[in-house]
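Here is what each chain is made of, one letter per residue.
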Amino acid sequence: MASGIRLENLRKSFGATDVIKGIDMAIEPGEFVVLVGPSGCGKSTLLNLIAGLETVTSGNVLIGGRNVNKVPPRDRDIAMVFQSYALYPTRTVRANITFGMETRRVPKDAQESALAEFAKLLQIDHLLDRKPGQLSGGQRQRVAMGRALVRQPAVFLFDEPLSNLDAKLRIEMRTEIKKLHQRLGKTVVYVTHDQIEAMTLATRIAVMDNGHIRQFADPATIYENPVDLFVAGFMGSPPMNMIPGRLFHENGQVFVLPRSARERIRFPLDGPAGQGEGLADGREVMLGLRPETIFAAGAKLPGPHRFLFEAPVEVVEPTGPDTMLVFQIGGQDLIARVRPEDTATPGATFRFEVDMGKAKLFDAGTGMAL
Amino acid sequence: MRARRTDGIVRPSGPGAIALRVLLFTLLGLFCLYYLFPLFVMVSTSLKSLAEIREGSFLALPRAISFEAWAKAWGSACVGVRCDGLQPYFVNSVMMAVPAVLLSTLLGALNGYALTKWRFRGADIIFALMLFGAFIPFQVVLLPMARTLGELGLAGTVPGLILVHTVYGLAFTTLFFRNFFIGVSDGIVNAAKVDGAGFFGIFFRIVLPMSLPAIVVTVIWQFTQIWNDFLFGVSFTVGDSNPVTVALNNVVNTSTGVKEYNVDMAAAIIAGLPTLLVYVVAGAYFVRGLSAGAIKG
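Not measured: the values here are computed from a predicted model. (Residues numbered from 1 in each chain as written. Chains lettered and ligands numbered in written order. Predicted model: local features only at pLDDT ≥ 70, side-chain atom pairs only at ≥ 80, totals over all residues.)

### Structural notes on the confidence of the model for chain A
In regions of low pLDDT, the predicted coordinates are not meant to be interpreted in detail. Averaged over every residue, the pLDDT of chain A is 91; the share at 70 or more is 99%. Mean pLDDT in chain A bottoms out at strand β12 (residues 253-258) of chain A, which sits at 88, and peaks at strand β3 (residues 32-36) of chain A, which reaches 96. (pLDDT = per-residue confidence, 0-100. Helix = DSSP H or I, 4+ residues; strand = E, 2+ residues; numbered from the N terminus.)

### Notes on the domain arrangement of chain B
All names here are of chain B. Domain parsing of chain B yields domain 1 (8-75) and domain 2 (87-296). The centre of domain 1, based on its C-alpha atoms, is set 32 Å off from the matching centre of domain 2. The interface of domain 1 with domain 2 comprises 13 residues on the first partner and 11 residues on the second. Secondary-structure elements contributing two or more residues to the side of domain 1 that touches domain 2 are α1 (15-46), α2 (50-55) and α3 (68-75). Broken down by element, the side of domain 1 that touches domain 2 gets its largest block of residues, six residues, from α3. Taken together, the residues of the side of domain 1 that touches domain 2 sort by class into eight nonpolar, three polar and two charged. (Domains from an automatic or database assignment. Contact = placed C-beta atoms within 7 Å. Nonpolar A, V, L, I, M, F, W, Y, C, P; charged D, E, K, R; others polar.)

### Let's talk about the packing of helix α4 (residues 87-117) of chain B against helix α7 (residues 158-181) of chain B
Residues and elements named next belong to chain B. Put simply, α4 and α7 touch, their axes get as near as 6 Å, and they point 35° apart. Crossing handedness for the pair α4 and α7: right-handed. A per-class count over the contact of α4 with α7 returns 17 nonpolar, 12 polar and two charged. (Axes fitted to C-alpha atoms, helices over the stretch in contact; angles between N-to-C directions. Left-handed = near helix turned anticlockwise from the far one by under 90°.)

### Some thoughts on the domain arrangement of chain A
All names here are of chain A. Per the domain assignment, the segments of chain A are domain 1 (5-234) and domain 2 (241-363). Across the boundary between the two partners, domain 1 contributes five residues, which contact five residues of domain 2. Its residues assigned to classes, the side of domain 1 that touches domain 2 shows three nonpolar, one polar and one charged.

### Observations regarding the confidence of the model for chain B
Residue and element names in this part refer to chain B. On average, residues of chain B score 87 in pLDDT, and 93% of them reach the 70 mark or higher. For chain B, per-element mean pLDDT is lowest for helix α13 (residues 261-296), which scores 76, and highest for α4, which scores 94. Confidence drops under pLDDT 50 across residues 293-297; counting only partners more than four residues distant or on other chains, this segment forms 10 contacts. In the model output, the complex is listed with pTM 0.82 alongside ipTM 0.84.

### Examining the UniProt feature "transmembrane region" (unreviewed entry) in chain B
Residue and element names in this part refer to chain B. Here the UniProt-annotated "transmembrane region" (unreviewed entry) positions come out as residues 20-41, 94-113, 125-146, 158-181, 202-223 and 265-287. For residues 20-41, the end-to-end C-alpha separation is 32 Å, with 100% helix and 0% strand making up the annotated structure. Between the C-alpha atoms that bound residues 158-181 there is a distance of 32 Å. The span itself is 100% helix and 0% strand. (UniProt positions renumbered as here; feature names shortened; annotations may be inferred.)

### Remarks on the interface of chain B and chain A
Of the residues lining the interface, 14 residues belong to chain B; the matching set on chain A comes to 17 residues. When residues of the side of chain B that touches chain A are traced back to their parent elements, those giving at least two are α8 (186-194) and α9 (199-210) of chain B. A total of six residues in the side of chain B that touches chain A trace back to one element, the largest contributor, which is α8 of chain B. Here the residues of the side of chain B that touches chain A sort into seven nonpolar, five polar and two charged.

### Considerations on the pairing of strand β18 (residues 332-338) of chain A
All names here are of chain A. As paired elements, strand β17 (residues 323-329) and β18 share seven bridges and run antiparallel to each other. Looking at the pairing, L325 lines up with A336 of β18. Counting the residues that bridge the hairpin from β17 to β18 gives two residues, and of these G330 lies at a positive phi of roughly 60°. (Pairing = 2+ DSSP bridges.)

### Quick word on the sheet that holds β18 of chain A
All names here are of chain A. The sheet built from five strands is open, its strands ordered β15-β19-β16-β17-β18 with antiparallel pairing. Either end of the sheet is taken by a strand with one partner, and the two such strands are β15 (294-296) and β18. With direction set aside, neighbouring strand axes in the sheet form an average angle of 50°. One ladder, built from five bridges, connects strand β16 (residues 306-318) with β17; its direction is antiparallel. Bridge pairing links P318 to T323 in β17.

### Notes on the nonpolar core
One broad rule of soluble globular proteins: the nonpolar side chains tend to lie buried together. Membership of the largest hydrophobic core comes to 142 residues, with the highest contact counts inside it found for V33, L35, M80, L157 and V189 of chain A. Looking at which element gives the most residues to this core, the answer is α7 of chain B, with 11 residues. Those residues in contact with L35 of chain A, other than ones at most four positions away along the chain, are K43, L46, L47, V189, V191, A206 and M208 of chain A. Grouped together as the second largest cluster of nonpolar side chains are 16 residues, A69, V246, V251 and V263 of chain B included. (Core = buried A, V, L, I, M, F, W, Y, C linked by C-beta atoms within 7 Å. Buried ≥ 20, exposed ≤ 12 C-beta atoms within 10 Å, placed from the backbone.)

This is how it looks when you write it as structure tokens:
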């Protein structure tokens, strides 16, 4: 059975330092929620508050409708996977996995059958008599997951479980975690600083910064409609291009004039970004253009809201499936994502096409989306 | 395996380097002799007869090896008025040292665990105060401790000495374990909490089995301290409850009769053997445990 989680005006301070600054959040049963944010934003602390490994300073944590502020971790019906795996080094894999059932006095035969089921599911059934020290990183990760899964709790908490794995294994385990969630349907709260993990795994993402949740929404919304500059800049790799500039109107059309641009380029806001309110002449704004919305002229089927401009290419970075072109507007580095066959040479002028229909507009002062 | 460890060392060559190496090994050899010589004299003297000791040089090897002095030291040498050798006092020392070592090690481990893994307000102050205990000279506490033992009815008994050694060992054992546990990931303790274990469950089933290197270091340290202690032994025990160190003193410093150097030497070796044995058995762990503490602490 999966339980929902509710956080009500949750705060946590360590001495004079406020780490969690009033968080309200409702997580539905069976959801996969990813807490994402830069180091020190409070995401691990928030997870520890849900787990009961830290005490709340004020506010409430409810799991399955029950206030668990004063309930120790063992009685919260949760399981947790730690970044360092935190396997018990002196116990075998078998004893690691069954420890939680031993302490709860689960009958031996029930322990055995649960162990057998999940060891098979995680493909660690041949490792049961080894010690954690004799396992590879990926195997340790699986054992740590097995230890959490085997108790079949209502909520799973993951604290950056993949960040100690190498890149290839990380992608593999990511897929497995998603499969496991689809299969078991338990509520998951997952902490990571990796925005790709967040995008791929989550049913909803909470982007955190400095003890606050900036935006809590499904991955597509987070990516396509970030509420502010922070969310826009954090999600996406390479990050969204941010061009500081000023608004002006001409012939009923809104334009962004990049600040200090000698290139005399002005971006027409003819897509949804130009429909907002308060787009007064002279307003200082940030124009956000994702790298994949800037491509080589003529490379994609023509559509509405296309805008062409030329700029000298500074750096060419092939990644395989795409090539990143770094160029400058107004003295600021911007990145375009072009196809590998769009050959460009550093120093030469390149003809770019940008899909202004996907452009984002933010207030330069508050950073909020317009 | 062991021989190959030196394979990868790049050494300078040439006459200068060789001369330096010869000098180095000569010096090392001399130091070895300097340290081993007293042991040699003790062992060889203990195997000689009294007549041979009087006639020959103390550097010479025994002409005929005799274990009489050893037998006498163990079973029939006179300690004060009692002539049963060191044996009963050796037993006293074992009865005193083993419980005192185990108790102080266990309590030190518990302290270190609580101070690092169940942080509470004032933990650092408590640790600093306990550390202070490691620097108190033992002479200072003799009188208050004697009074305490008297109040408890433990004056002049082996259990009284166990209590004294346990209390004064705690500062060191707590320090050792605290420094070891500070390097143990909090994640393991958190995982065990989520898994449903409590304070003692985590201690006995997860943390204590992990701390074998720290246990070995602490046991060796405590055993050496407690077994070799003379001051507390001579202050807090009387006659039949004396530990072996006090008895050895009484054998050697007797002012009556002929000075039996062979018996004295054998008695001194007997009194020192257990600590040597502990080093040999657990020595490999000792070095490993010390360095582990140093890196992690």
